[in-house]
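As a plain string of letters, each chain reads:
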Amino acid sequence: TMTTLTRRCFLGAASLITALPVLGQQRKSPDFTFTLPGGKKASLSQYFGKPIMLTFVDTTCSHCQEVTTILRGIQARNGAKLQVIEVAFNEAAPQEVPKFIREYKVNFPMGWAERDSVFAYLQRSIMQRTFFPMMALINSKGMIVSQHYGDYPMCAHGAEADNLRKAAAELMKQ
């Protein structure tokens, strides 16, 4: 039917649009607001000026927990030259983030935001199958240079530590 054809075309176009940053097309990072423990709002733009590894996580996701541990080490080694930020978007994030920060000894800004705002920031449809964590790498000029999802090679189990360290080093060169 025409409705089915229209829906397929829309979903196909949406898939192509969301793939562009992954394929090397840079775009200006929009500002993004998230809530820190204690209720204070933070804005991504306050961190512009140095490279940012912005990671969106689900606090109950074991892969996200592993990546958080790796990012903690990257932040400790490169804090003056790089900013890691994590934003949880699972339903229980407002209650879970403070515990997550303590348990995983998070040494960078971490807060939470609504799922829809996370997917809008990433220009990704909530209808697309998505694996966590999701990451946007932002250079010091505020440009998103790449986006990665939990099923991409960057976050592949067993290789994520090396891949994330290499990505951080490349990001700091830009």
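This structure is a prediction, so every number in the text was calculated from the model and none was measured. All residue numbers refer to position in the chain's written sequence, counted from 1. With pLDDT at 70 or above as the cut-off, local features in this predicted model cover only qualifying residues; side-chain atom pairs require 80 or more to be listed or tallied, and sums for whole chains, interfaces and linings still use all residues. The side-chain numbers reported here are obtained from all heavy atoms of the structure, hydrogens and water having been left aside.

(A) Highlighting the nonpolar core. Side-chain atoms within 4.5 Å are what join buried Ala, Val, Leu, Ile, Met, Phe, Trp, Tyr and Cys residues into a set we call a nonpolar core. Three exposure classes are used, based on accessible area relative to the maximum for each residue type with a 1.4 Å probe and protein chains only: buried under 20%, partly exposed in between, and exposed over 50%. Counting residues in each nonpolar core, the largest one holds 27 residues, and the members touching the most others are M53, L71, I74, L137 and L164. Labels follow the DSSP assignment, with helices taken as runs of H or I lasting at least four residues and strands as runs of E lasting at least two, numbered in each case from the N terminus. Mapped by element, the contributors of at least two residues to this core are β4 (52-57), α2 (62-78), β5 (83-88), α3 (93-103), β6 (110-112), β7 (134-138) and α5 (160-173). The element best represented in this core is α2, accounting for 5 residues. If we ignore the near neighbours within four places in the chain, the residues touching L137 are I52, M53, M143, I144, V145, S146, H148, M154, A167 and L171. Of all hydrophobic cores here, the second largest spans 22 residues; its members include F34, Y47, L54 and V118. Should any heavy atoms of two residues lie within 4.5 Å, those residues are counted as being in contact.

(B) Layout of the pairing of strand β8 (residues 143-149). The element β8 is largely enclosed, with a buried count of 6 among its 7 residues. Note: strand β1 (residues 27-28) against β8, 2 bridges, orientation antiparallel. Residue pairing in the sheet places R27 in a bridge with I144 of β8. Note: two strands are recorded as paired if DSSP finds a minimum of 2 bridges between them. Pairing between β7 and β8: 5 bridges, direction antiparallel. Note on β8: the bridge partner recorded for M134 is Y149. Adjacent in sequence and paired antiparallel, β7 and β8 are bridged by 4 residues, among which G142 carries a positive phi angle near 80°.

(C) How the structure looks around the side chain of N90. Following the sequence through the fold, N90 ends up in the loop between β5 and α3. For N90, a relative accessible area of 12% translates into the label buried. A polar contact is formed between the side chain of N90 and the side chain of T59, at a distance of 2.9 Å. Sequence-distant contacts of N90, that is, excluding residues within four places in its chain, are made with V57, D58, T59 and T60. What qualifies as a polar contact is a pair of N or O atoms within 3.5 Å, subject to a donor-acceptor requirement within protein and to the restriction that residues adjacent in sequence count only when both atoms come from side chains.

(D) Just the pairing of β4, in detail. Burial of β4 is extensive: 6 of the 6 residues sit out of reach of the surface. Side chains I52, L54 and F56 of β4 all project onto a buried face; the interleaved residues M53, T55 and V57 project onto the opposite face, where all are buried too. Summarising the sheet, β4 and β5 pair through 6 bridges and their orientation is parallel. Residue pairing across strands places F56 opposite V87, the latter belonging to β5. The parallel pair β4 and β5 is bridged by α2, and the resulting crossover is right-handed. Two strands pair when backbone bridges link them, and β4 and β7 are joined in this way by 5 bridges, in the antiparallel orientation. Residue pairing in the sheet places F56 in a bridge with M134 of β7. With its strands directed away from the observer, a crossover is right-handed exactly when the path from the first strand over the helix to the second travels clockwise.

(E) Inspection of the packing of aromatic side chains at higher detail. Any two of the Phe, Tyr and Trp rings considered here, Trp counted by its six-membered ring, make a pair once their centres fall within 6.5 Å; the pair's planes then place it as stacked at under 30 degrees, edge-to-face at over 60, or tilted in between. Per the stated rule, a full pass over the model turns up 6 aromatic pairs. Pairing F32 with F56 gives two aromatic rings, centres 5.5 Å apart and planes at 80°, and the pair type is edge-to-face. Taken together, the residues span a long stretch of sequence, with F32 in the loop between β1 and β2 (33-35) and F56 in strand β4 at a distance of 24 residues. Residue F32 is classed as buried on the basis of its relative accessible area of 6%. Taking 5.4 Å as the distance between ring centres and 65° as the angle between the ring planes, the aromatic pair formed by F32 and Y121 counts as edge-to-face. Linking F32 in the loop between β1 and β2 with Y121 in helix α4 (residues 115-121), this pair joins segments that are 89 residues apart in sequence. Cluster of aromatic residues (ring-pair linked, three or more members): F32, F56 and Y121. Here the guanidinium or amino end of R27 rests over the ring plane of Y121, the centre of that ring lying 5.9 Å away. Distance and angle both matter: a charge sits over a ring if NZ of Lys or CZ of Arg is within 6 Å of the ring centre and within 35 degrees of the ring normal.

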